[in-house]
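In case you want the letters, here they are:
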Amino acid sequence: MAVVVSVLGGFEVVVDGTPVPAASWRRRHAARLVKFLALAEGHRRHREQVLEALWPELPPDAAVRQLHKAAHYARGAIGVPGAVALSSDLVSLLPSADLTVDLEAFDVAAASAESAQRRLAGAHRGDEVLADEARRLAERAAALYPGDVLPEDPYETWADAARGSRRLQYLRLLRQADRWEDLVREDPTNEEAHVRVAHRLATRGDRAGALRQLDVLAEVLRDELGTVPGDTAATLRTTVLALPAADGAETTLLRGRPPSPVPEMSSPILGRVAELQQVSALLDQSRILTIVGPGGVGKTTLAIEAAHRRSAARAAEACFVDLAKASRADEVPGLVATELGMQLAGSDPLQMLREAMRGRRMVLVLDNFEHVIEAAALVPEIAARSRELEIVCTSRARLRVTNEQVLEVQPFAVPGDAGGGFDNDAVALFAHHASASDPHFALEPHRREVAEICRLVDGLPLAIKLAAGHVRTLPPPLLRQRLRQSLRSSFGGPREAPERQRTIPATIDWSLHLLGAPERELFRRMGVFAGAARLGAIEEVCMQPGQDVLAPLSQLVDQSLIRRVDAHDLEPRFSMLELMRERACEQLQASPEHDDIKRRHARHVAGWLERIEEDRWTTLASTWISMVVSELSEVRAAHAWARHSGDLVLAARICGSLGTFWHREGHHAEARRWVDASLEHLDELDSELAARNLMSAAFLSWNLDPVRARSFWEGAVSRFRASGNDRYLSYCLGLTAGTYIGAEQSYETAVGMCSEAIALGRRVGGGPLVAQSLNVLGELARVHGDDDLACTAYTEGRDLALAAGDLAHVSVFLANLAYIADHRGQYEQSLQLGREALLTCWGLGRRMMAAWTVSEIAGPLTGLGRPELAARLVGAGTSALDILGQTRHLGDLGEHERVVAALRASLGEDAYGRFAAEGGRLTLEEAVHLALSAT
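Residues numbered from 1 in each chain as written. Predicted model: local features only at pLDDT ≥ 70, side-chain atom pairs only at ≥ 80, totals over all residues. Heavy atoms only, no water.

Peer 1: Hey, could you go over the overall build of the protein for me, with residue numbers and the actual values?
Peer 2: Per the secondary structure count, the protein includes 46 helices and 15 strands. Positive and negative side-chain charges of the protein, numbering 104 and 125 respectively, have mean locations separated by a distance of 3 Å. (Helix = DSSP H or I, 4+ residues; strand = E, 2+ residues; numbered from the N terminus. Lys, Arg positive; Asp, Glu negative; His and termini not counted. Charge placed at Lys NZ, Arg CZ, Asp CG, Glu CD.)

Peer 1: Explain the environment of glutamate 57 to me, and be specific about the residues and the numbers.
Peer 2: Its place among the elements puts glutamate 57 in the loop between helix H2 (47-54) and helix H3 (60-78). On a C-alpha basis, the gap between glutamate 57 and valine 776 in space is 51 Å, while along the polypeptide they are 719 residues apart.

Peer 1: Could you give an account of the nonpolar core, naming the residues involved and the relevant values?
Peer 2: Membership of the largest hydrophobic core comes to 120 residues, with the highest contact counts inside it found for Leu658, Trp662 and Trp713. The contacts of tryptophan 662, once residues within four sequence positions are left out, are Cys655, His667, His668, Ala671, Trp674, Val675, Ser696, Leu700 and Met848. (Core = buried A, V, L, I, M, F, W, Y, C linked by side-chain atoms within 4.5 Å. Buried < 20%, exposed > 50% of the residue type's maximum accessible area, 1.4 Å probe, protein only. Contact = heavy atoms within 4.5 Å.)

Peer 1: Would you mind going over the packing of aromatic side chains in detail, with residue names and values included?
Peer 2: For the coordinates displayed, the defined rule picks out twelve aromatic pairs. Note on phenylalanine 106 and tyrosine 145: the rings are 5.2 Å apart at their centroids and 50° apart in plane angle, and the pair reads as tilted. One end of the pair, phenylalanine 106, is in helix H4 (residues 102-122); the other, tyrosine 145, is in the loop between helix H5 (128-143) and helix H6 (160-176), and 39 residues separate them in sequence. In this pair, the class of phenylalanine 106 matches that of tyrosine 145, namely buried. Judged by centre distance (5.3 Å) and plane angle (85°), the ring pair of phenylalanine 699 and tryptophan 713 falls under edge-to-face. Residue phenylalanine 699 is located in helix H33 (residues 687-701), and its partner tryptophan 713 is located in helix H34 (residues 706-723); the two are separated by 14 residues in the primary sequence. Comparing phenylalanine 699 with tryptophan 713 shows no difference in burial state: the two are buried. Grouping aromatic residues by their ring pairs yields a cluster made of Phe699, Trp702, Trp713, Phe720, Tyr728 and Tyr731. If you follow arginine 27 out to its NZ or CZ, it ends over the ring of tyrosine 73, 4.4 Å from the centre. Across from the ring centre of tyrosine 728, 4.6 Å away, lies the NZ or CZ of arginine 692, which sits over that ring. (Phe/Tyr/Trp six-rings, centres within 6.5 Å; stacked < 30°, edge-to-face > 60°. Lys NZ or Arg CZ within 6 Å of the ring centre and 35° of its normal.)

Peer 1: Residue-level account of the side chain of glutamate 779, with values.
Peer 2: The topology assignment puts glutamate 779 in helix H37 (residues 767-784). Given a relative accessible area of 9%, glutamate 779 falls into the buried group. A polar atom in the side chain of glutamate 779 sits 3.2 Å from the side chain of asparagine 816. If sequence neighbours within four positions are ignored, glutamate 779 has contacts with Ile741, Tyr794, Asn816 and Gly891. (Polar contact = N/O pair within 3.5 Å; in protein donor to acceptor, adjacent residues only side chain to side chain.)

Peer 1: Could you give an account of the sheet that holds strand S4 (residues 44-46), naming the residues involved and the relevant values?
Peer 2: The strand order S4-S6-S5 describes an open sheet built from three strands, whose pairing is antiparallel. Every interior strand has two partners, whereas the edge strands, S4 and strand S5 (84-86), have only one. Mean inter-strand twist for the sheet, computed between neighbouring axes without regard to direction, equals 15°. Where S4 and strand S6 (residues 90-93) come together, three bridges link them in antiparallel fashion. (Pairing = 2+ DSSP bridges. Axes fitted to C-alpha atoms, helices over the stretch in contact; angles between N-to-C directions.)

Peer 1: Pulling in residues and values, what's your account of the packing of helix H8 (residues 191-203) against helix H9 (residues 207-225)?
Peer 2: Packing of H8 against H9 brings their axes to within 7 Å, and their N-to-C directions diverge by 165°. Here H8 lies roughly antiparallel to H9, going by the angle between them. Along this stretch, H8 crosses H9, giving a crossing that reads as left-handed. Note on element contacts: H9 touches H8 through Gly209, Ala210, Gln213, Leu214, Val216, Leu217 and Leu221, opposite Glu191, His194, Val195, Val197, Ala198, Leu201 and Ala202. (Parallel < 35°, antiparallel > 145°, perpendicular 65-115°, else oblique. Left-handed = near helix turned anticlockwise from the far one by under 90°.)

Peer 1: Pulling in residues and values, what's your account of the environment of alanine 210?
Peer 2: You can see alanine 210 is positioned in helix H9. Expressed as a C-alpha distance, the spacing of alanine 210 and glutamate 895, which sit 685 residues apart in the sequence, is 84 Å. Setting aside residues no more than four positions away along its own chain, alanine 210 makes contact with Ala198, Leu201, Ala202 and Val240.

Peer 1: For the pattern of salt bridges, give the residues involved together with the corresponding values.
Peer 2: Scanning the model with the defined rule gives 58 salt bridges in all. Aspartate 330 is the partner of arginine 328 in a salt bridge, and the nearest nitrogen-oxygen pair spans 3.1 Å. When its relative accessible area of 55% is taken as the criterion, aspartate 330 is described as exposed. With a shortest N-O distance of 2.8 Å, glutamate 593 and arginine 524 are connected by a salt bridge. Remark: arginine 524 occurs in helix H23 (residues 517-525) and glutamate 593 occurs in the loop between helix H26 (578-589) and helix H27 (594-615); sequence separation between them is 69 residues. Taken individually, glutamate 593 and arginine 524 each receive the classification buried, so the pair is uniform in this respect. One continuous salt-bridge network, built from bridges that share partners, spans Glu139, Arg179, Asp182, Arg185, Asp284, Arg310, Arg314, Arg361, Glu388 and Glu390. (Salt bridge = Lys/Arg side-chain N within 4 Å of Asp/Glu carboxyl O.)

Peer 1: So what's going on with the pairing of strand S7 (residues 98-101)? Residues and values would help.
Peer 2: Residues Leu99 and Val101 of S7 are buried on one face, while the alternating residues Asp98 and Thr100, pointing to the opposite face, are not. In the sheet, strand S1 (residues 2-6) pairs with S7 via four bridges, with the strands oriented parallel. By the bridge assignment, valine 3 is partnered in S7 with leucine 99.

Peer 1: Give me the sheet that holds strand S9 (residues 317-322): which residues, what numbers.
Peer 2: Overall, parallel pairing links the five strands, which are arranged S9-S10-S11-S8-S12 in an open sheet. The open sheet terminates on both sides in strands that have one partner only, identified here as S9 and strand S12 (404-408). The mean inter-strand angle of the sheet, taken between neighbouring strand axes irrespective of direction, is 20°. Here six bridges tie S9 to strand S10 (residues 362-367), and the two strands are oriented parallel to one another. Bridging across to S10, aspartate 322 finds its partner in aspartate 367. Sheet strands touched by helix H12 (residues 273-285): strand S8 (288-292), strand S11 (389-395) and S12. Its angle to S12, the strand with the most contacts, is close to 170°. Here helix H14 (residues 332-339) sits on the sheet and contacts S9 and S10; the angle it forms with S9, its principal contact strand, is near 140°.

Peer 1: Give a detailed account of empty space enclosed by the protein, specifying residues and quantitative values.
Peer 2: Empty pockets left among the atoms are what a rolling probe the size of a water molecule brings to light. Inspection of every chain in the model, using the stated rule, returns twelve cavities of 30 Å³ or more. The space that makes up the largest cavity amounts to roughly 350 Å³. Looking at the largest cavity, it is lined by 21 residues, and the ones nearest its centre are His663, Asn775, Val812, Trp852 and His889. For the lining of the largest cavity, the elements supplying multiple residues, two or more each, are helix H31 (659-665), H37, helix H39 (807-823), helix H40 (827-843) and helix H41 (847-856). Looking at the lining of the largest cavity, the element that brings in the most residues is H39, giving five residues. Here the lining of the largest cavity is built from residues that sort into nine nonpolar, eight polar and four charged. (1 Å grid on protein atoms, 1.4 Å probe; cavity = no way out; pocket = protein on both sides within 12 Å on 5 of 7 lines; lining within 4 Å. Points joined across faces, edges and corners; volume = space filled by probe spheres on them. Nonpolar A, V, L, I, M, F, W, Y, C, P; charged D, E, K, R; others polar.)

Here it is as structure tokens:
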């Protein structure tokens, strides 16, 4: 396994070529631990060094707990059980992986460049070959430095040394590579760099540019250091002044008044620190930048603030042009020229614009470009007139022009997002505008309601501002209830705002009016999806046969009405902000095609579930649960429509494909309502579909009423036997046998069913199918007291599940093998197996399995003399199962009662109750951490 950890320019972890999503690092301490170890020599540190660096304010015991918790979440984020290894005195990062840290590659390249520079210093003058090699090596090393070490952690003292030393090294490399312009940007007080740049400009005959550079040097030294330029700069200025001046009369004559200024912000910009840094970095790379994003996300605000900062830093002019004033693309050159202060007087606007921009040192903001996008070619044309001109465009779609850099602005993080809590930028923005609307507004009593409002509007700044404008009339709790109406009212926004920004529907409709009929139709139809939709689903549900989905979908993505999101399976999905989805739903509801699109969506979901149910035995053994989880919102929407429209067969198709999923994942209360409704019409379903619904009903009854579950499975068995469906006959035979666990008089009958199920499974070539029946056989044997047969069955089943990549089932076998080891007094082995099972299912996100397994670990802990911890885990597991609406399996009840009886005897009734209650107050996450980390 190959892992690359990047710390230069920002933190990222890539495992076998796949980046770990940023959302996986929602636990900040997990990321800090990985970063700290990545910077360490050999990627390991003594435990005390880690504790002192990361948790210096905590007592030792609390710091150790934080370390274990951070290590656990880091392993989960990276997806490697041994990602962070803890020993008695060392903490190591990925000791068993092929680990590369970008900082080390930079260090190696920089050392080579330094060595070449030393050889050059000792060589004879004029050694051009060696000089070229030194520059080439310096360029190569500098290219490996995308930015400072961990720029997102400016206040982490443990990163200061690495950050400072590498930045100094980078500045030396820029000097060695003769990259003086870059050195000026990175170190504005470097006098030699300014002089070198000015000298280059002078040798090219750019007298004005050279003088400007020397002026900038003088200003920087005065403001930053309180000094003046040295003799070298003074001599160069004298030389440059002696050069002939360029004829700039034509530019002077073209100007009639100063350019239209960039507006001053009426209030300070909140948040967007990272985005402002990105704007500056992107403009350093290319002088054309387009800020894109959905309407109301704050593109104009960001562009205005960036222009003010950029023009001040560069001592440049600034000009703001609102392109919404132009009704057609051919009006844009004249509008821009006018806002630049030019007197057109009947002249060709484009030609005058070309001439006026020559040599201009300016930051030009072109706002609202989306509705005159056909004029985009003008941007690179005028940019070519001056190397000192930077153009910042805002648009709901990128311009698609040469040298364009694009910054996509996202809504603010909201509660539930990574970094989105009650004290984030979205909440701060609401509080600011609410206070402006009502000076008596107090955030603290309403922090949760405000956070919920921000979440409901997806963190969209315009929606937050509009909602906050109503607090004088509606306090936050009532505003939360009437949020949709408030966003439709223009009362919450400022009077001077353009019409398109006074309500959320108007903002969305502004974008839609810029599109053609195919794009508006697809937008409306995508309102049928409850969440992020796969490309195939969009094509099947929203398009007619033969229609091209890519063209209109690409337009919607370009206009920021649809967002592409990448799921864990690397299949692109397409989603809407909730406010966009509401507007699409409204339009679909009012359309005559509403019922047809809803029916196509429900049929698509039913067919997709049926394919998943079939493929989970083979190609999807390891992923099918996650795939269904990712589509649950679509499944619920499809089932609700099928029931509401009276399509009982369609509803039954959905239920019949979810039985095993509900068994593995939970959601039983909802599932029972669905299945009970299908069973009321069982006689109206064909035999195969009826059998599948009986199978689902049995899963939901198994833990509550095994006899009732048996009757359902027996009904399914008879139907599958009659239809010749050997795969599902094998499956249901094994499951029917499981209802006899603990029934001594029926033990031989149940074993016989398992034997038939296993034989059928082997005949149809279903490894996971055989594993399922082997697990039931093991449960029967273990409860019956035949641990040898149980161990044999569990071991073969585990191997089959491993071969199929079905890790969820692997965790079940590991937990059952832990029972066997516990019976045999092999407590250390049992504890290890139980923890491995817990780590496996938790890493897959299987919360219900984790809740079962947490309690199972109590058995070996009791045998190892840790009854207090065991009692806490029993309480934690019981509480988690109650919250999930689950009970223990038949095969686990006896084991659980045995352990509880031993704990009561060891601790006494009162102490057991106290420790179990302590565990019951833990969250499932805390219980898993306790079970995995306790020594």
